[in-house]
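A closer look at the structure
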Amino acid sequence: MADINSLPILSDDKEKTPLSEKDSANLADLADKVSVSSDKEFEGGDAGSDDASIVVDGNDVSRLIVDIRDDGDPSLTFRSIVLGTILSGLGATIVQLYYFKPVNVSVNTVFLLLISWCLGELKALASHPSHQSSISSTPGPFGLKEHAVASITASTAAYGSAAVLNFAVQRLYYDTKVEALTAVLATFSTATFGYGLVGILRPLTIYPGEMVYWLNLPNVAVFQALHFDTAANWKRLRVFWGAFTGMFVWEVFPAYIFPLLNGFSIPCLASQHAPEHAKDVITNIFGGAGANEGLGLLSLSFDWQYIGGYYLSIPLIQQANSWVGIAICYIAILGIYYSNTWNSLSFPMLSTSIFASNGSVYKQSAVFGKTYTLNETALEEIGLPALTGSNAWKNLCANLAIGALIAHCILFWGPYAKKNLKDGWNRTQPDPHYQAMLKYKEAPVWWYLVLLALSFFAGRRFPAWGYIVALLTGTIITPFSTLLYARMGNGIATNQLFKMIAGAIHPGKPVANLYFSMWSHDVVSTSIGLAGDLKMGQYLKIPPRVMFATQVYGTIIGVAVNYIVMISVVEERREILLDPKGNNVWSGQYLQRPYVIIPASLAIGVVPTTIQWFIAKRYPKIGPFQTDNIMLPIIYMFMAWMATGLSSYITTSIIVGILSQVWLRRYHTQWFKTFNYILAGGLDGGAQVMIFVLSFAVYGASGKPRPFPGWAGNPQVGNVDYCNGNGALD
């Protein structure tokens, strides 16, 4: 059978284009430099703390972490398409399920990567001349590129999941069931519009070395370790499989048998005979193993599904700024609550629901009725809704972060962005991985423009002017959010900005506001995910036109699967999802969207960043610190980090970050470069495979849940960390 790569538009061989003399010279020079560096880096041993070999930014990642090697193996094959299709359904299912968990854990590609590798190796064995069978249609070994294509197809399928949640909100809170075709087309619209934006922004957010998408590094490390046959990679594979096996075995304990390990807190354990008021205070401060239980101060978690390889991967500058924000968060939320700011003592300390003045959950149906339009008379009778103090603080911080994000990108990164756009246009971007991709035909800009047009016509759901404003605002914010995510490893919750705009355009119409969010905020979040995969394609040397086909195909599969899973979960877990607190397995926290916002902080957030910029111009360095390393958008975001969900993992995540990004990176440099990201991939893979098994075996994803019998490490009454204030035992 002919290989799919023989198609003219996608062929790896035919899409290679002759390089100009200048491009060839640049590539040869860069390849020589990277080759010399790579030979030294993978010999083993420890390079000590030589500053030249310490990984600090994206350029160091390109030079020291990711191998520039390109074996020219085929990428889009029948085998990769079949595996990608199967795994797209699996990946979309898992990610959609996690949106209904108390912590929104993103499913790492490592899980899908390992499954596709196992299946690919089996098919390769079957296609060997001595093992020919009817199931093989792509002869030869299972290569890195077709492996990556199958995995990226699956990960792309998950990015429409956030948009599907808008329809979950309608089912849960407004008792409205949108037709399946409408929901699928709308979800497809957000994903393809986001991908269209990503394609146009490639010179700014994909090509430069500084654009890392740090959470992709464990995936890239695993891909290259599995397929590059070198002595050093054998050592890396041993670390990977050792970490994978160990975490696979371990994860069953905190996730099922011994949940106390998810939130081990000495103050909680010591509070069993304390007075009720003292228990309430201790729970608010130290509890954190349950959804919206408390702030989890000094609690230790040993559950890797909530810690994750994130803290092994994210650069120190991001983590250090987040630690500042977390410290402020503890002080601010407790101060707001116990000072009764915003009448906080009338409500739970942590909750994302909106409440009536008497402390009960606000009956939205009473003021919106069957038409889902605000009834002013009913509103006067029932009264305005109120937020918990922590939720109000969360909204305030989100707006501060948005203002600071825009100001930081323009003031600090504006000249850099301008240079990258020029380099991308002239094909002179110096990043070695970009230069190595110049031999492949680029996916032309007009392909992405066509996607934008298709998504526009697929997504028409409410009046055209509101729809257009939503898309325009999402388009404006996407470059800022993507820049921050690509450079620092996390984005900003921009949905507060879009809520403000939606409220102004569609006052008193919450359902219309949901759709506005879909085509603004969800476009931004989808763009970031698709951009990360596109960067991984550059690291792994997958031809751009193949990446285009891969991501579009994955999107088509994903939107249908996400919708089906959402319907299943909402119907089966409706009562728990509507609970303001949920429980430690299922939670509706990501659906309980407040309608009261704090708009002034959006403008206020611009001011401190502007002042910082003027200071940085005069004093680039103050003591040992670079002034521009203060990332106010990140600090603001983490100032409300514990306002929702579980918090017991915070202390452990800080410890993991210090061990990786301070101790190993600085004092065991060679070990860090060789093993840090492969270790993160192994730990994530082991935890996620076990969670997948538990989800269907005992959590109830396949039917009736089978909880583990109660014992001291798995209490059946109250919170699992034994912080039982605030009526936990009632």
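For the structure, check the block above.
Here's what I pulled together on the structure shown here. (Residues numbered from 1 in each chain as written. Predicted model: local features only at pLDDT ≥ 70, side-chain atom pairs only at ≥ 80, totals over all residues. Heavy atoms only, no water.)

A word on the packing of helix α15 (residues 316-338) against helix α18 (residues 389-411). Think of two packed helices as two axes; the pair is described by the angle between the axes and how far apart they sit. It is at 9 Å that the axes of α15 and α18 come closest, and there the two elements cross at 135°. Between α15 and α18, the angle falls in the class oblique. Two packed elements cross with a definite hand, and for α15 against α18 that hand is right-handed. Contact residues: α15 offers Ala332, Ile333 and Ile336, while α18 offers Gly389, Ser390 and Trp393. Looking at the contact of α15 with α18 residue by residue, the class counts come to four nonpolar, two polar and no charged. (Axes fitted to C-alpha atoms, helices over the stretch in contact; angles between N-to-C directions. Helix = DSSP H or I, 4+ residues; strand = E, 2+ residues; numbered from the N terminus. Parallel < 35°, antiparallel > 145°, perpendicular 65-115°, else oblique. Left-handed = near helix turned anticlockwise from the far one by under 90°. Contact = heavy atoms within 4.5 Å. Nonpolar A, V, L, I, M, F, W, Y, C, P; charged D, E, K, R; others polar.)

Below, the discussion takes up the side chain of glutamine 661. Summarising the element assignment, glutamine 661 is placed in helix α31 (residues 650-667). A relative accessible area of 2% means that glutamine 661 is categorised as buried. When residues no more than four places from it in sequence are discounted, the contact partners of glutamine 661 are Tyr311, Leu312, Ser313, Ile314, Pro315, Leu316, Gln319, Phe672 and Asn676. (Buried < 20%, exposed > 50% of the residue type's maximum accessible area, 1.4 Å probe, protein only.)

So, about the state of the cysteines. Following the criterion strictly, the structure yields one disulfide and no others. The disulfide partner of cysteine 268 is cysteine 723, and the S-S distance across this bridge is 1.9 Å. Sign of the S-S torsion, about -85° for the bond between cysteine 268 and cysteine 723, identifies this disulfide as left-handed. With a gap of 455 residues between them, cysteine 268 in helix α11 (residues 266-269) and cysteine 723 in the segment after α32 (669-697) connect regions that are remote in the sequence. A single burial state applies to cysteine 268 and to cysteine 723, both of which are buried. No disulfide involves cysteine 329; its sulfur sits 7.5 Å from the nearest other cysteine sulfur, which is in cysteine 397. For cysteine 329, a relative accessible area of 0% gives the class buried. (Disulfide = S-S within 2.5 Å.)

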